[in-house]
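Below are the chains, spelled out letter by letter.
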Amino acid sequence: MTGRHTRRKFIQGAGAATVAGLAGCSSNGGSSGDGGDGGSSGGDSGGSDGTTMGSGGGQSVTIQFWHAMGGDLAQRIDDIVNSFEEQSDGITVETTSRNSYRDNLNATTSAVSSGNPPALSQIFEIGTQLAIDSQAFVPVEDIIPSDRINFDNFLDPVLDFYRIDGKLNSMPFNSSNAIMMYNRDAFEEAGLDPDSPPTTYQGITDAANTLTSEGVVETGITFPNHSWFVEGWMAHQNTTLVNNENGRAGRATESNLDTDAAQNIFEWWVDLYDQDQYLNPGIEAWGEAQQAFLTQQTGMIIYSTSSIAPMKQGAADNGFELDTAYLPAPGGDRTGLPIGGASLWVPQGLSDAQQQAAGELLLYMTQPEQQARWHRGTGYFPVREESITLLEEDGFYEENPSFRTAIDQLNETESTPATSGALMGPFPEVRTIIEEGYVSMIQDGGPSVSEGLSQVKSDVDSAIQSYNDRVS
Ligand SMILES: O=P(O)(O)OC[C@H](O)CO
């Protein structure tokens, strides 16, 4: 099986508990939230300053780095960390893989609440507002001297996502876009042109019908029931997910999940299911979707660019050629997409030596060469222009055009509040509400799309209101 981090299905209720956990740290005097998967298996960095005297008489320091990657991605993180340790002067990094963004967020919020956070934690993009509200982290711009890094060289959409109110709070590391992957051999067998993959909802439906009517696959397409794609499709229609310019001009107070844009998305997605052209792997079921596509039950999959490398290998192992295309758009509009992925956060309360060591690791992990290495092995696009230049000079994209898709898609994205990505404290919980809303709409006797979205909006707005009440 391929090396994508295996993300477990969400356990109902954990999202809401997470919100209370981290936000409570700043506003409720540090009450402990749901610890998720416990959060202590990697050891902790508190209790001492983590420093010892090295054999050469210099000071050594050990730091903890918690991340969300699993499998092959976790190995690639370890490879980068190992090479960092080899060139560093006395810094040891102990990594803990939590295998899922939600689990690592829960573990980190729990550790922050109990005063034992790691020196570095990887938090997915939708945890950004929650982390800021916790007031538990030090902005990376305050840790890394400006003469040690050139942020002007970072990709604008990446930096813009994480630079909030003029401050870069966390270090971009793994950034992604949603894209489509498809089976070129299946397309050819069905009489479809593999050089012209579908680019719209209608195109996907038509291609799915051709693939199945020609008997090439059982079902046209699969993708996890994941709010991330809904978020992208809202942006494609230049509609923000939440008000106040997606929560960037002021705290979000309500969602736009009752708009025509949302209706377009869910009508297509429910209709595709009703036509037996959508293989529904389940809520946030990345692994199941991957399995369905690689075993050629479907001819197309919507996924993250973060997994091109292992997916290409998986396709080759299963005897077909994978290609990539832009995320299909609901209709004629294609404003663009917000970035996905995660960034790296440094908590307050570390010793000077630990904070400095965390800063050194951040610098190393975002070096152009390291970002290029990370991109080659995964599909996450590099967060720096210099890395892309290095890869171009090496001829990487000529040999591997599928790695270019997300970068081109990002470059074509218009910069608008909709594509800048939403900020809101209860985002993990909101994602779950959206995903469960879809489940309700495809159930026998379930609500119509319009009724379902009305309920989703009401539930999301309540979650936002309830969170805002807690942090205000
Ligand atoms: O799988 P990734 O790392 O590309 O992330 C996808 C989403 O942005 C997670 O929030």
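As recorded in an unreviewed UniProt entry, the protein chain goes by ABC transporter substrate-binding protein and comes from Halobellus rubicundus. Note on the protein chain: under the UniProt heading Subcellular location (unreviewed entry), the record states "Cell envelope".

Moving on to the pattern of salt bridges. Applying the stated rule across the entire model yields 17 salt bridges. Note that Glu125 and Arg431 form a salt bridge whose closest N and O atoms lie 3.2 Å from each other. Remark: Arg431 occurs in helix H19 (residues 427–442) and Glu125 occurs in the loop between strand S4 (120–124) and helix H4 (128–134); sequence separation between them is 306 residues. Comparing Glu125 with Arg431, the two get one shared label, buried. Put simply, Asp394 and Arg376 hold a salt bridge, and the shortest N to O gap is 2.9 Å.

The next subject is the side chain of Gln370. As for its position among the elements, Gln370 is in helix H15 (residues 368–377). Within the structure, Gln370 has its side chain in polar contact with the side chain of Arg373 (distance 2.8 Å). If near-sequence neighbours (up to four positions away) are discounted, Gln370 is found in contact with Ile80, Ser83, Tyr364 and Met365.

Moving on to the layout of surface pockets. In this model, the second largest pocket occupies a volume close to 320 Å³. Forming the walls of the second largest pocket are 19 residues, and the residues nearest its centre are Asp156, Pro157, Asp160, Thr413 and Ser415. Breaking the lining of the second largest pocket down by element, the ones donating at least two residues are helix H6 (156–162), helix H16 (385–393) and helix H18 (405–411). The dominant element in the lining of the second largest pocket, judged by the number of residues it contributes, is H6, at four residues. Split by residue class, the lining of the second largest pocket holds seven nonpolar, six polar and six charged.

Summary statistics for the protein chain give a mean pLDDT of 88 and a share of 88% for residues scoring 70 or more. Of the regions scoring below 50 in pLDDT, residues 1–48 engages in 127 contacts with residues more than four places distant in sequence or in other chains. This model gives residues 53–57 a pLDDT under 50, and the stretch forms five contacts once residues within four places in sequence are excluded. For this predicted complex, the interface confidence score (ipTM) comes to 0.98, while the overall pTM stands at 0.88.

Calculation rules
Residues numbered from 1 in each chain as written. Predicted model: local features only at pLDDT ≥ 70, side-chain atom pairs only at ≥ 80, totals over all residues. Heavy atoms only, no water. UniProt positions renumbered as here; feature names shortened; annotations may be inferred. Salt bridge = Lys/Arg side-chain N within 4 Å of Asp/Glu carboxyl O. Helix = DSSP H or I, 4+ residues; strand = E, 2+ residues; numbered from the N terminus. Buried < 20%, exposed > 50% of the residue type's maximum accessible area, 1.4 Å probe, protein only. Polar contact = N/O pair within 3.5 Å; in protein donor to acceptor, adjacent residues only side chain to side chain. Contact = heavy atoms within 4.5 Å. 1 Å grid on protein atoms, 1.4 Å probe; cavity = no way out; pocket = protein on both sides within 12 Å on 5 of 7 lines; lining within 4 Å. Points joined across faces, edges and corners; volume = space filled by probe spheres on them. Nonpolar A, V, L, I, M, F, W, Y, C, P; charged D, E, K, R; others polar. pLDDT = per-residue confidence, 0-100.

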